[in-house]
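Listed below are the residues making up each chain.
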Amino acid sequence: MEEDAGLVPYKDGMVEDETDKLEDPEFEMNCGPLVTENAIAPEQPCPRKEGGTDAKKMKPETLATDRLQASQLHRSLELLDQAFEEKELFLQKTREELCACRQRMDLLSKQQATVAEEVTRERTTSNMAAVGRLQATSRRLCLELEDERDLQARIMAVLQENESAMWHLEIKKGQLEDIRKSSCQRTEARDLCLRAHVAQQLCREEEASGRAERNRRLQIRKSLHMQRELGLKHQKLVEDAQKNHWVAVKFLKASLGRVRERERKQELESREHLQRRMEAVLALKNSITANRETLRKFQAWGRARKEQEGQQVQVEQQEVLAQGRDAFKHLFHQRRRQELEAQRRAFEEQQQLRKQEIVSRILQEGTKEGNCRKRQQPPAKATTPRMLRDRTWSYITAFCEGKAYPTATRHSPASEAAVQPMSLLMLTTSSESMQNVPRLASLEEETLAEPEILGLWSEEHRQYQVPKEDVDRKPVGETKMDKDILARMLARLRSGVVHKQVASGREFKGRPFNSKPERIHFKDFDVGKVYKKKITLINATYTINYCKLVGVEQHLRDFIRVDFDPPGPLSAGMSCEVLVTFKPMINQDLEGSISFLAQTGGFSVPLKCSTKKCSLSLDKELISFGSYMVGKTTSRTITLTNAGGLGTRFRFLPASKACKLDESQSALKPSSLYTYEDRSLYEGAVYDVSETLLEASTSSPLDTQSQKESEKSKEPEGVPAAGVMVTSPSEAQAQITLGEVTEGEIGPFSSIRVPVVFTPAVPGEVHAQFQVESKNPQCPTLYFRATGVAVDVPLWVPKPIVDLKICMYDRLYQDSVLVHTRSKVALRLRFEVCKELRGHLELLPETGYIQALASCSVQLKFLPRQSLPEDAGEYFDKDTRVLEAPMTIWVADQTKPVGFTVHAIVTTSDLELCPSALDFGYCTIYEAIRASISLCNHSLLPQEFGFVGLPKFVDIQPNDGFGTILPLETLQLQVLFQPTKAREYSFELVCKSKINRCFKLSCHAVGVHPPLELSHYQIKFAATALYDTSVALLYVTNSHLTMSPLPRVVPSGGPCPGGPTSFEFLPPKDAPITISPLVGTVLPGKRCLVRVAFQPTLPHKLVSQEALQTLSKESEAKPLQKDVATQRKDVRVQDQLGQAPTLQKQELEARADEYQAAQATLARTFQGRFDKFMVPCAVASGDVKDKRELEPLSFSPHNMLYLELWCPAVAPAVVVTSDRGKTVIDFGHIAVGHHSIKKVSLQNICLEDLAVDFSVLNPQGPFFLVNTPSRLRAGETRVLALSFSPHESVLAQERLEVVTKRGALPLTLLGTGVASLITCSLDGDVLDMGYVLARESISMGFKLQNDSLLPIKFSVQLDSLSGSRAPTQKELPQFLTTQPQRTDIVGTQNHSGQSVFSVTPVTGIMDPGRAQDFTVTFSPDHESLYFSDRLQVVLFEKKVSHQIQLKGAAREHMMFVEGGDPLDVPVESLTMIPASDTEHREEAEELKPVLLTLNYIQLNTDQPAPPAARELRVGCIRTTQPSLKKTVEFGLDGIAWLQHKGFSIEPSRGSVDRGQTKTISVSWAPPADFDPDQPLMVSTLLQLRGDVKESYKVIFVAHVVTAL
C-alpha cells in the first residue's frame, strides 16, 4: 500500500516521461510490443512475444498507430482539464466583479439619497449656489448609477454564458472518464513492464561485473608472474654488467694512461709554441715602438708646419689690413685658390694614373698578339699601311731611344719636334684622354693621319647624323616629370600602408624585421647551375606586424627568384621563411638587395653573388735561418695558400731577376728590345714595376721597416755595416736557393709547401728576396725575404743576450750561460766582466775548457748594490733604470773574442706609508674612528705586504691589512680604532714586505666614556621603495645614577657631566632622514625613545630637469604660429630660464602636473641607490627646559656620539600607470550628496607575484575603496576604483597605502565638497500666467543663477506629467472630502491630453556663475479658471532645488471679471456641457453670479470705523485674433439704490483696453437704520460689452462684525 501511495502522485509525470522515452529507437525495439499488447489486452500484465512472420510484419504498424492514438488522447485530456480550470477561475473573477458592481450601486443610491436631502435643505435656506452645485452632483451620480447598471447587465450575461460553457465541459469530462481510467491502467501496465525490464537489465549488469572482476584477478596473477620473471632476468643482467664493468675498467685504465701520455706531449708542444709566439710578440712590440716614434716625428712636423702656416696667415692678414683691403675676403680667395690647385693636382695625378693603365693594357694586348705570331723580323718596307698597334710599338721604341719617330711626309718637321712620343702614345690609345685634353687634338691629327681602313677619313665620307625628331624624342618614363610623378605616386601609396606602431606609450623606431642570416651570399658560383638559400625573417617590433615582398632590384631580376608566401599577422618574436633561388647566366659579381614592406615601414636584405676567384697568400714574409757555420746546409718551408675557389698556375722566382731586367732595359738597344718576340718580356717588366709601386704605396709599417732593412742590406760593398759582412745579391741567391718545387698548379682552397735552402759559403749576413707569380692577372705578385748569418768562429753563444728581467737592490740573482763549439779540438776559455761592474756581476768559473763539438755552462751571479748607478757609468741608464753589461769570452790562440750582453732593470724595494703619523683624537668607547692611509710601491715589481702585530683595538681593511701591491701603485687602506677603555693610546703599526723589510707608522688616540649611550650605533634599513617609509627605534640611555649636576673625573683625565644630560641629533641637510625627537633630556638611570624614519625620494633638481626636458619636447612637437614680438618674448623667457634657476622652479611649481609626471617617469626607471649617513649626536650637561633661548647648552666635542644609517633605496614594486603616473588623485569639486569615481591603474613591475593589501580609510570620511584586488602577477596591471562622496562643503584629504611585501605605495586622495547654490529671479514661488483666450498661448520667463563653484546638471519636471500622480487620480474629489482647504496642486488640464503648461529647456548644465533662462508657455484648449500645475527644478536627478506654482485662466471671450468670493470648486465636473446646447449656455450666461462679502468691523471706541472695502477687476484679454472691438466696456446698474443701502462703487462705468485691467472699488458703511443682527444682501447687474455681451449678477452681502 505504501508503494502504491508513493506512485500515485507521479502518475502524470510518468506518462509524460514515457512519451519522451518512446521516441528513443532502442526503447521502441525493446518495449514497443509490450505497450501495444497492453493497449489491446490490459488484463495481461506482461504478454510474451508470439511467433509467425505475419505477426512480425504487422507489429510496427500497430505500434505506431497505438502510440499516436495514446498521445492524442493524452493531449486531449490535458486540454480539457486546462480549459475546465480556466473557466472555473474566470467564473470566480466574474462573480467577484458582479459583487463589486452591486456594492457600488448601493453606494451610489445612498449618495443620491444624501444629495436629495441636502438639496431640500439648501432650498429651504435659499442657498442657490449650493443647490446648483448639489444638482450637478446629483446628475453625475445618476449617470454613474446608470453606467453601473449597464455594467451589471453585461457581467450577468457573461456569467450565464460561461456557466453554460462550464456545464458543457463537465458533461464532456464525464464522457471521457472511462477513457481516462483505461489510460491510467495502460500506464500502470507500462510501469510494471519497465520494472521487469530494469530487473532483467540489473541481473545482466551484475553478471558482467562478476566476469570483469574475475578477469581483473586473472590479470593481477599474470602481472605478478611476469614481474617475478623480469626480476630474475634483471638480476642476471646486473651480474653480467658487473663482470663487463670490471673488464672495461681494466682496459679503461690502460687507455687513460695512453691518453695522459698524449696530453703530456701536447702540453709540451703547446708550451714550445707559446714560447715562439711570445718571442714574435716581443719583436712586434719593438717594431710598433719604432713606428710610433716615427709617427710622433711626423706629427711634430705636421704641427710645426701648421703653426708656420698659421703665422704666415696672420702676417698676410696684417699686411692686407695695412693696405686697407678686406682681410677676410683675401683669405677666402686664397683658400679657394689652394683648393682649386689641390683639385688640379689631383686631376693631373688621376690622368697620369689613367695613362699608365692604358699603356699597361696596350702592352698586354701586344704581348698576347706577339705570342700568337711567328717569331720573325718584320720586312723593312711594308707594302700595306701599318696597323695602329704597330705604329704604337714604333712610338714606344722611339721614346726609349730618345729619338723622334718619323711621321708621314705631309707633316711638317716642326710638328714632329713638338710632339713627345709618350704624349702621342697617350693620344692614340685613349679616347677619354682626348676628350679631357682638347688642346692635343691637333697633334693627333698631325701624327696619326693615316686611317687603318682606306677611305675612312676622306672628305667625301660624312658622319651619320641622328634625325632631329629622334634626338628630341625621350623614352617613356625617363623624363624628369615622369620620375617625379612616379615618386609621388609611390610615396602616396606607401603612406597609406605604413603606420606608426605605438605599444605601452613607446613608438617603435628601427628595422621592423631581422634577417637570419643578415646577408645572402652566393659564393663561387658556376654559370648555369641553380643555387638556393633560405632566410628567416623575425618580427622585431613590439606587437603584431605584417610583411610583404616588394621585389628585387632591376639588375637582379633575370637571375634571382624569391619565393615568399605572406604569413599574415606575425606576433612579436615570430618568424617566417623566404626561399631565394639564384640561377647565374653570366660570370660576373652581382650585388643588390631584396626589398620587403612591413606595416611600420620598408626594409631590405642585402644580396651578393661572387664568382670564383683566386686568392694567393704566403704564411710569412721573412724567413730567418739564424747563425750557421760555413759549409752546413739547412732548409725552411714557406706555404703558399689559395683561399679562393679558382685554381691557377704559380711560379717562384728570385726577385733579383726582375731587378736586373729593369736595370738592363735602359741599356738595351731598341732594335733588339721592341721586336715581336720580346714584347711579352717588356709587358711583364712594366707590369712588375707597377705592381711593385702599388705594393710599396699600400704596405704596412712592418713592411716598411722590412724594406728599410733590406735596403740597408743592399748597400754597396764599399760601405759595409760595422761588424757584419753583407754579401752581394748574386752571392745571396747562390747561398739561399729554392727547393725542387718552384712552379706548378694550385687548386682551389688548397696550399703548397715550398722549401727554401740555406747553404752558407762566405761568412757574413745573407739576404735574398723572392717573388711568387701567378697566371691569373687578378692575383698580385707576392714577395718574401730570407736572411741568414754565416759564421766561421767555432765558438758561439745561443743566447747572445742574457735578460735577467727586473731585479731589486741587495738581492742575489743567478743564471747560466751556455757556450757551444764547432771545433774538433778542445779549447781554453776565459770569461771576463767589465771592470765597472765587477763588484756587482760575477762569472764562475773565470777560466775553463770546452771539449770538441760539445758545450759548457757558466754560472752568472748578479747582486746589485745601492752604488750601482754610480759604479756602472755609461752601462746604466738612471732614467729608465736599464743595465746593459757587455761580457767577453776569450779563446786561447784567437784574437777575436766572443761577446754576449747581460740586460737587467734594477729597481728599489721601498714601500712608503703616508702620513708618517696618525692622531685619532678623542673617541668614545662605544664607537670606532676610521682613518685613511696610503701605501705606495716605488718598485717596478709587485710586492706582497702585511701589517703584523696589530693590537686588539686596531683593525686594518681591506683583507685585514694583507695584500699585493702592483708596481708604482698607491693603495688606500682604512685604519679602524675602537678603544675599549677610557685612557690614552700610543702605539705603532708595522708593515712588513715579503722580503722581510719593515715600515712603521706611529699612532696616538684618547678614549672617552660619554655620559650618554645609544642602544644601536648602526641601523641598517631594509630595502625601501621610493616614497615609502621605513622606521627604526632606538634608545638614548643615561647610565649615571646620581642627580648631582657636578662633573666627575673619568680615567682619561677629562671631566664627565652628571645629572640630567641633554642630547641633540644633527642630521645632514637634504637627507631623506627624519629623527624625532631631535632634542631631548635624559635623567640619570632613564632612557629616551627615538624614532628614525627613512623615506627615499628623488632629488628635486633631477625631477626638475626631467620636467623641463618634457616641456621642451612638447613645445617642439606642437609648434605655434607666433608673430615676431611673441617669438622675441619667448627667446627672452628662455634666456631667463637658462640663467636663473629660480624662474625654472617657479614655472615647475606652476605646472605641478608636469613635475609629478616627470617624478613618475623617473621612479619607473629608478635603478636603486645605496646611501650611508653619519648622524652626529651632541651631548651636553643640564636640562633643555632650564636653559633660556639666548643661552645655548655647552656641548662637548669629546662626548660626541655618532649614529650610522645604511639606507638602501630600490625601485617601487607597484607603480601607477594611469594619469602619467601621478600618485595624487584629485577628484576636484563634487557637489554635496553626489559621488565621483576615479580609476587608478596599478602595475607590478617586479619579477614576482605580489599579494596586495590596502590601508584602512576613515569609515566616516568621504572616500571609499570600491574594489580591492588581492594579488598582482608579475607585469600585470589592475584597475583600482576610488569613490568620493562629500557630505558637507569641505576640503577632504586622506592617504591610502597599497601595501606589498616589497614596500608600500602611498596614494594621496584629494577632493572638495561643494554645496549647490541656485537663486531664482521670481519674488515668490508662484508664477501667474493671467488670462488668455482658449486655444491661444502666452509665454513668460524666469532665470536661475548658479552661485556655486561647479557646473550643475538640472532637469525641469511638471507634476501633471509625473508618474506619481496616477494613484491620486483614483481618490475622491477634494470637494467631497472634509478638508477645510484645497490642497490639490495640479488643477484643470486640457481635454486634448496635452499639458496645459510647458517649459523650455527641460534639461541642461549651468556653468559656475552663469544664469539660465527658462520659458513657461500656457496653452489652454478650453475655458476654465483653475488651470494650475507645479514646476520642480531637480539638480543632478536627485535634489529638488525650487518648486514654482503655475496658475492660469482661460476664457472663450475677451472679457473677464475677477475678485469675488469663490462659488464653485476648482475641479471640473465629469460631464461637460456641449457647446451646441445654446439653451443651457444662455442660462449659464444669465446666471453668472459674483459674490462680494463685506465685513464691517465695529470698533469699541468712539471713533468711527473705516468702511468695509472690496475690489472687482474687469479685464480685456490681449489676443492676436482680428475682432471688431478693441476695448471692453462695462457698467453697473442700480447705483443709486446701492448708495441708499450704504454701498459706494467707483467707477460704475468705463472701458478697458486690450491687455489691461481696471479695478472697481466697492466700500460699505452701515446706514443708520441698519440692523446689525441681520446681514444685508443686495444684488445688481454688471454688463460687459466686447466681442459679445456678458452679464454678471453681483451679489453684495454685508455684515457687521464686532472687534475683539
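What you see is a predicted model; the values in this text were computed from it and never measured.

1. Here we look at the overall build of the protein chain
Across its full length, the protein chain holds 27 helices and 78 strands. Counting contacts in the protein chain only where the partners sit at least 6 residues apart, residues at least 24 apart contribute 71% of the total. In the form shown here, the protein chain has an accessible surface area of approximately 101000 Å², with 53% of it arising from carbon and sulfur atoms.

2. Topic: the sheet that holds strand E32 (residues 929-937)
Sheets are built from strands paired through backbone hydrogen bonds, the pairs being either parallel or antiparallel. Strand order in this open sheet of four strands is E30-E32-E36-E34, and the pairing throughout is antiparallel. With partners counted over all chains shown, the strands left at the sheet margins are strand E30 (911-914) and strand E34 (954-957), one partner each. The mean inter-strand angle of the sheet, taken between neighbouring strand axes irrespective of direction, is 25°. Here E32 runs beside strand E36 (residues 970-977); their pairing, made up of eight bridges, is antiparallel. Looking at E36, one finds that Ile929 is bridged to Phe977.

3. Quick look at the sheet that holds strand E53 (residues 1236-1244)
Taking strand neighbours across the sheet as the criterion, the four strands line up as E51-E53-E58-E56 in an open arrangement whose pairing is antiparallel. For this open sheet the edge positions go to strand E51 (1214-1216) and strand E56 (1263-1265), each flanked by a neighbour on one side alone. Within the sheet, the average angular offset between the axes of one strand and its neighbour, ignoring direction, is 35°. Sheet topology note: the E53/strand E58 (residues 1277-1284) ladder contains eight bridges and is antiparallel. Counterpart to Lys1239 in the pairing with E58 is Ala1281.

4. Topic: the pattern of salt bridges
Counted under the stated rule, the structure contains 41 salt bridges. Of the charged contacts in the structure, one is a salt bridge between Glu341 and Arg345, with a shortest N-O distance of 3.9 Å. With Glu341 and Arg345 both in helix H7 (residues 327-372) and four residues apart, the pair spans about one turn of that helix. Taking the relative accessible area as the measure of exposure, Arg345 reaches 43% and is therefore partly exposed. When the shortest N-O distance is used, the salt bridge between Glu357 and Arg361 registers 2.6 Å. A residue pair is termed a helical-turn pair when its members lie 3 or 4 positions apart in one helix, as Glu357 and Arg361 do in helix H7 at four residues. For Glu357, a relative accessible area of 31% corresponds to the partly exposed category. You can call Arg361 partly exposed: its relative accessible area is 43%. One network of salt bridges, with partners in common, ties together Glu341, Arg344, Arg345 and Glu348.

5. Considerations on the nonpolar core
Grouped together as the largest cluster of nonpolar side chains are 36 residues, with contacts concentrated most on Val1036, Phe1063, Phe1065, Ile1073, Val1092, Leu1203 and Leu1205. When residues of this core are assigned to their parent elements, the largest contribution, five residues, is made by strand E50 (residues 1201-1210). When neighbours within four sequence positions are excluded, Phe1065 is seen to be in contact with Leu1014, Val1036, Ile1075, Pro1077, Leu1078, Val1090, Val1175, Pro1176, Cys1177 and Leu1203. Membership of the second largest hydrophobic core comes to 35 residues, among which are Val797, Leu827, Leu843 and Ile889.

6. Here's the deal with the side chain of Asn162
Looking at the element boundaries, Asn162 is found in helix H5 (residues 128-175). For Asn162, a relative accessible area of 8% translates into the label buried.

7. Focus on the packing of H5 against helix H6 (residues 177-323)
Interaxial distance between H5 and H6 falls to 4 Å at its minimum, and their mutual angle equals 45°. Considered as vectors, H5 and H6 are oriented oblique to each other. Taken together, the residues of H6 that come into contact with H5 (itself represented by Lys173, Gly174 and Gln175) are Glu177, Asp178 and Arg180. In terms of residue class, the contact of H5 with H6 is built from no nonpolar, two polar and four charged.

8. Some words on the packing of aromatic side chains
Here the structure, examined in full by the defined rule, presents 34 aromatic pairs. Seen from their ring centres, Tyr1331 and Phe1456 are 3.8 Å apart, and the 10° between their planes marks the pair as stacked. Of this pair, Tyr1331 sits in strand E62 (residues 1326-1333) while Phe1456 sits in strand E70 (residues 1455-1458), placing them 125 residues apart in sequence. Each member of the aromatic cluster is reached from another via a ring pair, and the members are Phe920, Phe953, Phe977, Tyr985 and Phe987. If you follow Lys533 out to its NZ or CZ, it ends over the ring of Phe522, 5.7 Å from the centre. The ring of Tyr1035 has Arg1087 sitting right over it, with the charged end atom 3.8 Å from the ring centre.

9. Details of the confidence of the model for the protein chain
Taken over all residues, the pLDDT of the protein chain has a mean of 77, while the share at 70 or more is 77%. This model gives residues 657-726 a pLDDT under 50, and the stretch forms 71 contacts once residues within four places in sequence are excluded. Every residue in residues 1378-1382 scores below 50 in pLDDT, and together they form three contacts with partners more than four places removed in sequence or on other chains.

What counts and how
- Positions within a chain are numbered from 1, following the residues in the order the chain's sequence is written.
- Local features in this predicted model are restricted to residues whose pLDDT is 70 or higher, and side-chain atom pairs enter the listing and the counts only when it is 80 or higher, whereas totals over whole chains, interfaces and linings include all residues.
- As a rule here, side-chain values come from all non-hydrogen atoms in the structure, and water together with hydrogens is ignored.
- Starting at the N terminus, helices and strands are each numbered in turn, a helix being any DSSP run of H or I of at least four residues and a strand any DSSP run of E of at least two.
- In this description, contact between two residues means that some pair of their heavy atoms is separated by no more than 4.5 Å.
- Using the Shrake-Rupley algorithm and a 1.4 Å probe, accessible areas are obtained, with residue cover drawn only from the displayed protein chains.
- DSSP calls a pair of strands paired once it identifies at least 2 bridges connecting them.
- Think of each axis as a best-fit line through the C-alpha atoms, taken over the contacting stretch in the case of a helix, with angles from 0 to 180 degrees between the N-to-C directions.
- Criterion for a salt bridge: a side-chain nitrogen of Lys or Arg within 4 Å of a carboxyl oxygen of Asp or Glu.
- Relative accessibility thresholds used throughout: buried, under 20% of the residue-type maximum; exposed, over 50%; partly exposed, between the two (1.4 Å probe, protein chains only).
- To define a nonpolar core, start from buried Ala, Val, Leu, Ile, Met, Phe, Trp, Tyr and Cys residues and group those joined through side-chain atoms within 4.5 Å.
- We call two directions roughly parallel when the angle between them is under 35 degrees, roughly antiparallel when it is over 145, roughly perpendicular when it lies between 65 and 115, and oblique otherwise.
- When residues are grouped by polarity, Ala, Val, Leu, Ile, Met, Phe, Trp, Tyr, Cys and Pro land in nonpolar, Asp, Glu, Lys and Arg in charged, and all others, Gly among them, in polar.
- Aromatic rings from Phe, Tyr and Trp, with only the six-membered ring used for Trp, were paired whenever their centres fell within 6.5 Å, and each pair was classed as stacked if the ring planes differed by under 30 degrees, edge-to-face if by over 60, and tilted otherwise.
- Whether a charge sits over a ring depends on NZ of Lys or CZ of Arg being within 6 Å of the ring centre and within 35 degrees of the ring normal.
- You can read pLDDT as the predictor saying how much it trusts each residue, on a scale of 0 to 100.

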